[in-house]
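Observations on the model geometry
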Amino acid sequence: ETMQICDIVCSDGSVVRYDEYKTSHKTATAIVFYVNDKGFGHGKGYAVCLDEIRDAAFTDSIGVKQGTSCSTTAYDGNSNTYALFNNKRFSSPMAVSVNEHLAYGQSAYIPSVAQMHLLYNVKQYINKCLNACGGTILPDTPEGWYWTSTEVEGQAEYKAWLYSITSGSMLETNKLQSHRVRPVITIW
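Okay, so let's go over this structure. (Residues numbered from 1 in each chain as written. Predicted model: local features only at pLDDT ≥ 70, side-chain atom pairs only at ≥ 80, totals over all residues. Heavy atoms only, no water.)

**Some words on the nonpolar core**
Counting 29 residues, the largest nonpolar core has Ile 8, Ile 31, Phe 33, Leu 119 and Ile 126 as the members making the most contacts within it. Of all elements in the fold, only β1 (8-10), β3 (28-35), β4 (45-49), α4 (113-121), α5 (123-132) and β7 (159-164) reach the threshold of two or more residues within this core. In this view, Ile 126 contacts Ile 5, Cys 6, Ile 31, Val 32, Phe 33, Val 48, Leu 119 and Leu 138; residues no more than four positions away in its chain are not counted. Core analysis: the next-biggest nonpolar cluster, separate from the first, contains 22 residues, Met 94, Val 98, Leu 162 and Ile 185 among them. (Core = buried A, V, L, I, M, F, W, Y, C linked by side-chain atoms within 4.5 Å. Buried < 20%, exposed > 50% of the residue type's maximum accessible area, 1.4 Å probe, protein only. Helix = DSSP H or I, 4+ residues; strand = E, 2+ residues; numbered from the N terminus. Contact = heavy atoms within 4.5 Å.)

Have a look at this one:
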C-alpha cells in the first residue's frame, strides 16, 4: 500500500492510515505531508511533528554564516539542521531544541523554505489530522511565522528566512530573534 498525505507516523516507525491508527493503540509522532512520487528530494516522504518548539533563536551570535545552503528551492532541511547543530564555534538554540525534541529515536530537523512550502500547500488536510491526533494545529493567524533552516543568500551572516504557514510568505529575519520551529522528519 502506497503512503499518502495524512498518514500517521507512529512511535514504532510504522506509517498507518488514520482509520487504521484509531484502532491500533499506537502512539502518533508525525503526520505525512509530502510523498516523494516525483523523484526529487530524499526518502519516501516528509512528515510534520505533532508539536512545535516555541521561541528559539536561529543562532546565539550574528556575523557568521552557519553553513546552510541558502537555497530557497532545495529540500535540504536535514543537512541544514546538521550544519547548524554541528557548528563548533556558534550555537543554534533552535537546532539544539529540535535535536532534543523527539522521543522514540526519530531524528527531527528544521525544514527548509522549500519543505515549508510543501507543508503550506496541504495545511488544511494536515490540521485535521494534527487535531485528531492531539497535536498542535498549524495556525491561520498573523502569528503563524516559523523559522526555516535556510539562511538568506548574500546576508547569511545576519539573516535567515522566516516562513508564514498562514500565507506562504517569506521574511528575511535577524537570526538572534526568537520564533517558533515546526520540526519535520524524513520517512525512509
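**So, a nonpolar patch on the surface**
A cluster of nonpolar side chains, Ile 62, Tyr 158 and Leu 176, forms an exposed patch at the surface whose accessible area comes to about 260 Å². The topology assignment puts Ile 62 in the loop between β5 (53-57) and α2 (77-85). (Patch = residues over 30% accessible without salt bridge, like charges linked within 9 Å, V, L, I, M, F, W, Y side chains within 5 Å. Areas by Shrake-Rupley, 256 points an atom, 1.4 Å probe, with all protein chains shown as cover. Salt bridge = Lys/Arg side-chain N within 4 Å of Asp/Glu carboxyl O.)

**Regarding the packing of α4 against α5**
Between α4 and α5, the least distance of the axes is 5 Å, while the angle of their chain directions is 75°. Comparing the axis directions of α4 and α5 gives the class roughly perpendicular. In this structure, α4 uses Leu 119, Tyr 120 and Asn 121 to contact α5, whose residues at the interface are Lys 123, Gln 124 and Ile 126. Class assignment for the residues of the contact of α4 with α5 results in three nonpolar, two polar and one charged. (Axes fitted to C-alpha atoms, helices over the stretch in contact; angles between N-to-C directions. Parallel < 35°, antiparallel > 145°, perpendicular 65-115°, else oblique. Nonpolar A, V, L, I, M, F, W, Y, C, P; charged D, E, K, R; others polar.)

**Thoughts on the packing of aromatic side chains**
Two descriptors summarise a pair of aromatic rings, namely the distance from one centre to the other and the angle between the planes of the rings. Summed over all chains, the structure comprises five aromatic pairs. Feature note: the residues Phe 33, Tyr 34 and Tyr 46 constitute an aromatic cluster, connected by ring pairs. Geometry around Tyr 146 places Arg 180 over its ring, the cationic atom sitting 5.3 Å from the centre. (Phe/Tyr/Trp six-rings, centres within 6.5 Å; stacked < 30°, edge-to-face > 60°. Lys NZ or Arg CZ within 6 Å of the ring centre and 35° of its normal.)

**Re unusual backbone geometry**
We note that His 25 has phi near 60°; this positive angle belongs to a residue other than glycine. Examined against the element boundaries, His 25 turns out to sit in the loop between α1 (18-22) and β3. Owing to a relative accessible area of 78%, His 25 belongs among the exposed residues under this scheme. Unusually for a residue other than glycine, Asp 55 sits at a positive phi of about 50°.

**Notes on the side chain of Ser 112**
As for its placement among the helices and strands, Ser 112 is situated in the loop between α3 (93-101) and α4. A distance of 2.8 Å separates a polar atom in the side chain of Ser 112 from the backbone oxygen of Ala 74. Setting aside residues no more than four positions away along its own chain, Ser 112 makes contact with Ala 74, Tyr 75, Asp 76, Gly 77, Asn 80, Thr 148, Ser 149 and Thr 150. (Polar contact = N/O pair within 3.5 Å; in protein donor to acceptor, adjacent residues only side chain to side chain.)

**Examining the pairing of strand β8 (residues 170-174)**
Pairing of β7 with β8 involves five bridges; the strand directions are antiparallel. Within the sheet, the bridge partner assigned to Ala 160 lies in β8 and is Thr 173. (Pairing = 2+ DSSP bridges.)

**Some points on the environment of Ser 149**
Its location among the elements puts Ser 149 in strand β6 (residues 145-151). Looking at Ser 149, the relative accessible area reads 0%, which means it is buried. As for Ser 149 and Tyr 82, which are separated by 67 residues in sequence, their C-alpha atoms are 9.7 Å apart. Those residues in contact with Ser 149, other than ones at most four positions away along the chain, are Phe 58, Thr 68, Gly 77, Asn 80, Thr 81, Leu 84, Met 94, Ile 110, Pro 111 and Ser 112. Engagement of the side chain of Ser 149 in a polar contact is seen with the backbone oxygen of Ile 110, the distance being 3.0 Å.

**Observations regarding the sheet that holds strand β10 (residues 184-187)**
Taken together, five strands build an open sheet; the order of strands is β2-β1-β3-β4-β10 and the sheet is antiparallel. The open sheet terminates on both sides in strands that have one partner only, identified here as β2 (15-16) and β10. Alignment of β4 against β10, held across four bridges, turns out to be antiparallel. Paired with Ala 47 across the two strands is Ile 185, which belongs to β10. α5 rests against β3 and β4 of the sheet, and its axis sits at about 165° to β3.

**Topic: the pattern of salt bridges**
Evaluation of the coordinates by the stated rule reveals nine salt bridges. One salt bridge in this structure joins Glu 52 and Arg 54, with 3.3 Å as the shortest N-O distance. Since its relative accessible area comes to 12%, Glu 52 is described here as buried. Judged by relative accessible area, which is 52%, Arg 54 ranks as exposed. A salt bridge links Glu 52 to Arg 180; the shortest N-O distance between them is 3.3 Å. Separated by 128 residues along the polypeptide, Glu 52 in the loop between β4 and β5 and Arg 180 in strand β9 (residues 178-181) bring together distant segments of the chain. One network of salt bridges, with partners in common, ties together Glu 52, Arg 54, Arg 180 and Arg 182.

Treat this as a map of the structure, not an account of what it does.
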